[in-house]
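# Breakdown of the fold
Residues per chain are reported as follows:
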Amino acid sequence: LGAHAVLAAGVARPTASVFYEVLPPRDPQGVGDGVSVGVGVSLQSFIEVQLGVIRSDRVLDPVVRSPDVGATVWASQHTDANGMFDPVRALETLRSAVRVAQVPETNLIRVSVEAPDAASALAIVGALDRVYRESVEEVRTRDAKSVIEDLERKVRERRQQVAAIDVRIEHAEDERRAIPIE
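Cut-offs used in this document
- Residues numbered from 1 in each chain as written.
- Predicted model: local features only at pLDDT ≥ 70, side-chain atom pairs only at ≥ 80, totals over all residues.
- Heavy atoms only, no water.
- Salt bridge = Lys/Arg side-chain N within 4 Å of Asp/Glu carboxyl O.
- Helix = DSSP H or I, 4+ residues; strand = E, 2+ residues; numbered from the N terminus.
- Buried < 20%, exposed > 50% of the residue type's maximum accessible area, 1.4 Å probe, protein only.

### Considering the pattern of salt bridges
Inspection of the entire model under this criterion finds nine salt bridges. For E134, the salt bridge goes to R130, with nearest N and O atoms at 3.6 Å. A residue pair is termed a helical-turn pair when its members lie 3 or 4 positions apart in one helix, as E134 and R130 do in helix 6 (residues 118–178) at four residues. A residue is classified by how much of its surface remains accessible, and E134, at 44% relative accessible area, is partly exposed. The class of R130 is partly exposed, set by a relative accessible area of 35%. A salt bridge links R153 to D150, with the shortest nitrogen-to-oxygen separation between them at 2.4 Å. With R153 and D150 both in helix 6 and three residues apart, this pair spans about one turn of that helix. Overlapping salt bridges bring together D150, R153, K154 and E157 as one network.

Below, the structure written as structure tokens:
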């Protein structure tokens, strides 16, 4: 997962973009299925899942509530008459301001954010990048823990099997010793 931020100038509304290179999901150590989200899934399917994750409230809601975003002109447009920030309205607006798409014929995802000013666009795309990366890391960590737990379970099972074999060997040796040799 690689990212590069870009600010487009000369457009009707300032737009900041971040690009992600999506690499095929894989099990880097060959130790088990599920180390990365999408193991055994085509790259295209994996990219489509990531497009949905980026658009999800699980990513966008923390962006809206980010202190960096809260200090922007964009956030000031989502305050009521009492100066209270309205995160629900801001989330609705953010959903329509964020564009997420795969760059055709590539494994790149482009995430663009339109805002009333360049500083807001950069702050939003920066927060979105941070939240998305944390989300990906959280999933990878959870998946790695799952693989570790599975491996630990398999090791326990093998140890029990070895212990059972040791007991059978012991019994066989006791029986052999008990048989008188003539």
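### Some remarks on the environment of G126
By the element assignment, G126 lies in helix 6. Through-space distance from the C-alpha of G126 to that of V63 is 8.9 Å; in sequence the pair is 63 residues apart.

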